[in-house]
Amino acid sequence: MRRILCIFLAVLACLQAYSQTTRIKGRVTDASDGEGVPFAGVYFKGTTTGVSTDIDGYFTLETRNPGTDVLCASILGYEQQEKTVHLNSFNEINFSLVPLKNEIMGAVIKPDNSYMKWILSRIQARKPKNDPEQINDYSCDTYTKLELDLLNAEKLSVKAIKKNFGFVFDYMDTSVVSGKPYLPVMISETVSRYVHGNNPRVEKEEIQATKISGIDNNYSLSQFAGSMHVKPNLYREYLDVFNVVIPSPLSENGTLYYNYYLIDSLDIAGRKTYKIRFHPKKLVSATVLDGEINIDSEEFALQSAHVKMEKSANVNWIRDLVIDIENQRLNDSTWFYKDEKMYADFSIQKKDSSGLLSFIGNRQVNYSNPVFGESGKEGQSKVVINKDVLRRDEDYWANVRPYELSEKEKGIYKMVDEVKNVPMYNNIYDILNMVFTGYYDFKYFGLGPVSKLYSFNSTEGNRVQLGMRTTKSLSRTWRMTTYAAYGFKDAAWKGGLKMEYVFNTIPTRKFTASFRRDMLQLGMSEGSISENSFFNSLFSKNGGNKRSPVNEYKLRYDHEFTPGFNAAAELKTDRIFSNVFVPMIKPNGDVVNSIGRNQAELMLRFSREETVNRGDFTKEYILTDYPVVTLDFSGAIKGFGRNECSYFRPEFSIHYRKHMPPIGTSWFDLKGGIIFGKVPYPLLKLHEGNGTYFLDKNAFSCMDFYEFASDRWVTFSWEHDFRGFFLGKIPMLRRAQLRENFTLKAAYGSLTPKNDGSWGNGIAPEDSQAILLFPNGMGSLRKPYMEVGVGISNILRVLRVDAFWRVTHRWHEVDGVREKVQNRFALNLGMEFKF
């Protein structure tokens, strides 16, 4: 469950808790007809603190020090109206403006995109000076506060909940965006030193202190509680928020997506400032924003912004997204960050009227004490965690907070600790933990994985399995995992044991020893459905009838030199056994019982500025905007066992994700390798087939297991998600928010004569130079293999359907007779959880 909290914190951090703030939500309408009044000014009397209404007259406003309790609404052609505000709380205030008679009537405000093109060009011209990201070297202090709230919590007021958790409802508050009550369930605070450099490129956060409600001694969560993971910089052409690319209203090409309205000029801190409202153009299928920006008229710098994501955006799980940015002009005329706020309403149902439980994520970042000309060293960690990060006392926090926590915020820490002591909470925690991890945990051990308790395949028939692993309550430095399984058709026991010992979590230093004796599918990709799971059986095409009995012993050591350079060394000895489904026959007709290998392997992984989720025993790479390169060197030496061989096998892979707004995102994968030496066919490169009807992005959908093998090969995969670029322009389909996908996969390889076990079609088995003959139907890729696929994703937010066609290898010859390949077309079902 901690892993899930890690990921959610990453989402939040890829994301203001409200401390003594005045929050106002409302609408300005025309008293004569009730229609919304667009671009009306709503502000605190005698101040420049305020906003303008959107195209429908709605507004939200939040401030810490308004200076007065009188709120005004005004626009040319209407009488100004004032109302009293209850400070330091939530207010819903609506204005009904009366049109002026016999005087200047309300002006019709039209977009002036031609003038805005000039303003945008000036913003671009001054960007090298005004954009803090383009300052060569600086460092500054940051204070980041995250709050996670539960919306529609009142729906939980059933008898059992009230009895066990009734005290938590004393902490209810109201959202300024939705106007709905919410229950705070988590709060975190982080103090960091942020370091930035452009030559060389450095972006680093040194986390000095973290405080997370309900979490003790968990350094892995601290990395996500800082300010780095999302920086909503409007100077960029596009914002990347939750892996959703949004055109910036300050982009030089902003007029392609937005209509702009210059609605006022204000005096802010003695400087003339343009107040500009922008609104998405019609029929724009890209995810866009709506809001207002304040631009310094002399230096064309962004003074502040209040923007929100359009409700109709093709984005999942986010019902509302609001971003507030405030910059400051320093004494030396440098423009720098001051405050950033982000609000996100995460919900399964995007309708505002939905009564389903949903979560609100709030993040506020305060910047202070900038020092220019100071940077770090290239190649250092993107996030550095101080060893005393979790050991700060209350006196420390009272001194470093830029403002005092409200009484309700202080109470969240106490509330979460009280919740953890309720027995019902522990039961709910255990069930949710089982759903996400597969194991039901007792105090010192857990049973699972649940998905592997029962499965079936043609080789083993019905299969039952029970596993166990130790929990963190027993040890955070070592973990034991074991399982036993039995197949009723082959009447054979299987099992495995794995021991993990962690010397260090950050950076990674880990040793693993394992053994397993099981039925494995050779040539299965790493991204396939978990082997021997119920879901693998349910979606299997051929009943899993090409599995081989394998005995495997393995020692592995993982070492992280830097976050961008990881290495692993592995020693493995295994034995693969022949069976009726995967026979091993020599060219002279002799049957081989098994083959063995004694292999050493070195794996190197290179990345840059990559977000990583670190658990106590696991490390998951989440995302990076740069290519990820891996090098793999493995080799084996013939030992004293039967049917062993010697070889050397170097491999490489390059993975790259490229945003291509507004037409979506592409993922590229290039892999290749070569085998030096003479090896039996199970040790060749068995090109990854897909034996199920489930989508496997790392396998060829129209390829079967054991269909192609190589000892020299290169593969390429390109997948592009158009994110509704085409379907979003069709009125009948726009509301469904479907997304289009295109996939191209290709492979090319060859076999040297000593490893080519092909036979038939005029080739006699005894003429082969290979150690073992290929199974029937297996061949080489002297002719490149290619398949293409088109798909529709985001069906009901999670489902995806892809259709794949073979472009090459559509025919094969059997004894001189040309026949169609059966697997010419494949239909795959997939599940994706994407924003």
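Residues numbered from 1 in each chain as written. Predicted model: local features only at pLDDT ≥ 70, side-chain atom pairs only at ≥ 80, totals over all residues. Heavy atoms only, no water.

> Talk me through the packing of aromatic side chains; I want residue IDs and the actual numbers.
This structure, assessed with the given rule, holds 39 aromatic pairs. Summarising the aromatic geometry, the rings of Tyr143 and Tyr403 are spaced 5.9 Å apart at their centres and angled 90° between planes, so their arrangement reads as edge-to-face. One end of the pair, Tyr143, is in strand S9 (residues 137-151); the other, Tyr403, is in the loop between helix H6 (394-400) and helix H7 (407-420), and 260 residues separate them in sequence. For the pair shown, Tyr143 and Tyr403 are each scored as buried. Three or more aromatic residues joined by ring pairs form one cluster here, namely Tyr138, Tyr194, Phe336, Tyr337, Tyr367 and Phe372. Sitting over the ring of Tyr439, Arg469 keeps its end group 4.1 Å from the ring centre. The ring centre of Trp811 lies 4.8 Å from the NZ or CZ of Arg824, which sits over that ring. (Phe/Tyr/Trp six-rings, centres within 6.5 Å; stacked < 30°, edge-to-face > 60°. Helix = DSSP H or I, 4+ residues; strand = E, 2+ residues; numbered from the N terminus. Buried < 20%, exposed > 50% of the residue type's maximum accessible area, 1.4 Å probe, protein only. Lys NZ or Arg CZ within 6 Å of the ring centre and 35° of its normal.)

> Outline unusual backbone geometry, listing residues and values.
Here Gly448 and Pro449 are connected by a cis peptide whose omega angle stands at -10°. By the secondary structure assignment, Pro449 is in the loop between strand S24 (445-448) and strand S25 (454-457). Residues Pro661 and Pro662 are joined by a peptide bond in cis, for which omega reads 5°. Residue placement: Pro662 occurs in the loop between strand S36 (647-659) and strand S37 (665-674). At Ser333, a position not held by glycine, the phi torsion is positive, near 75°. When you line up the elements, Ser333 lands in the loop between strand S19 (318-329) and strand S20 (335-346). Backbone geometry places Gln737, a non-glycine residue, at a positive phi of 55°. Tracing the backbone through its elements, the reader meets Gln737 in the loop between helix H10 (731-734) and strand S41 (739-750).

> Just give me the short version of the side chain of Gln303, but keep the residues and values in it.
Structurally, the position occupied by Gln303 is in strand S18 (residues 302-309). Gln303 sits in the buried class, given a relative accessible area of 11%. Residues contacting Gln303, with those up to four places away along its chain left out, are Ile268, Asn294, Ile325, Glu326, Asn327 and Trp335. (Contact = heavy atoms within 4.5 Å.)

> Tell me what's going on with the environment of Tyr647, and back it up with residues and numbers.
Within the secondary structure, Tyr647 is located in strand S36. In this structure the C-alpha to C-alpha distance between Tyr647 and Gly635, which are twelve residues apart in sequence, comes to 5.4 Å. If we skip the residues at most four places from it in the chain, Tyr647 touches Arg597, Gln599, Ser634, Gly635, Ala636, Ile675, Phe676, Gly677, Val679 and Leu683. In this structure the side chain of Tyr647 is engaged in a polar contact, spanning 2.5 Å, whose partner is the side chain of Gln599. (Polar contact = N/O pair within 3.5 Å; in protein donor to acceptor, adjacent residues only side chain to side chain.)

> Go over the side chain of Asp721, please, and point to the residues and values.
With respect to the helices, strands and loops of the structure, Asp721 is situated in strand S40 (residues 712-721). Within the structure, the side chain of Asp721 is placed 2.9 Å from the backbone nitrogen of Arg723, a separation counted as a polar contact.

> Please give an account of the environment of Leu796 that cites residues and values.
Structurally, the position occupied by Leu796 is in the loop between strand S42 (785-795) and strand S43 (799-806). On the accessibility criterion, Leu796 (71% relative accessible area) is exposed. Through-space distance from the C-alpha of Leu796 to that of Ala736 is 8.2 Å; in sequence the pair is 60 residues apart.

> Tell me about helix H2 (residues 113-125), and please be specific about residues and values.
Taking 1.5 Å per residue as the helical rise, H2 with its 13 residues ought to reach 18 Å, and the 18 Å between its terminal C-alpha atoms agrees with that figure. Taken as a whole, H2 has its buried residues at Asn113, Met116, Ile119, Leu120, Ile123 and Gln124. Buried residues along H2 cover an arc of 140° about the axis, so they all sit on one side. For H2, the exposed residues set more than 90 degrees away from the buried face come down to Ser114 and Lys117. Looking at the buried residues of H2, the elements they touch are helix H3 (127-130), strand S15 (258-268), strand S16 (271-280) and strand S17 (289-296). (Expected span 1.5 Å × (residues − 1). Arc of directions from axis to C-beta.)

> Residues and numbers for the sheet that holds strand S3 (residues 50-52), please.
Overall, antiparallel pairing links the four strands, which are arranged S3-S2-S5-S6 in an open sheet. Whereas interior strands pair on both sides, the edge strands pair on one side only; in this sheet they are S3 and strand S6 (81-84). Recorded for the sheet is a direction-independent mean angle of 15° between the axes of neighbouring strands. In this sheet, S6 lies alongside strand S5 (residues 70-74) in antiparallel orientation, the contact comprising four bridges. The partner of Cys72 across the bridge, within S6, is Glu82. (Pairing = 2+ DSSP bridges. Axes fitted to C-alpha atoms, helices over the stretch in contact; angles between N-to-C directions.)

> An account of the nonpolar core is needed here, citing residue identities and associated values.
Ranked by size, the top nonpolar core spans 42 residues in total, and within it Phe242, Ile293, Ile295 and Leu302 carry the most contacts. Dropping the residues within four chain positions of it, Ile293 is found in contact with Leu234, Leu250, Tyr274, Lys275, Ile276, Phe278, Leu302, Ser304 and Ala305. Counting residues in hydrophobic clusters, the runner-up holds 25 residues, among them Val582, Leu686, Ala709 and Phe774. (Core = buried A, V, L, I, M, F, W, Y, C linked by side-chain atoms within 4.5 Å.)

> How would you sum up the environment of Phe535? Please name residues and give values.
Positionally, Phe535 belongs in helix H9 (residues 534-538). Phe535 sits in the partly exposed class, given a relative accessible area of 45%. For Phe535 and Lys452, which are 83 residues apart along the polypeptide, the C-alpha to C-alpha distance reads 8.8 Å.

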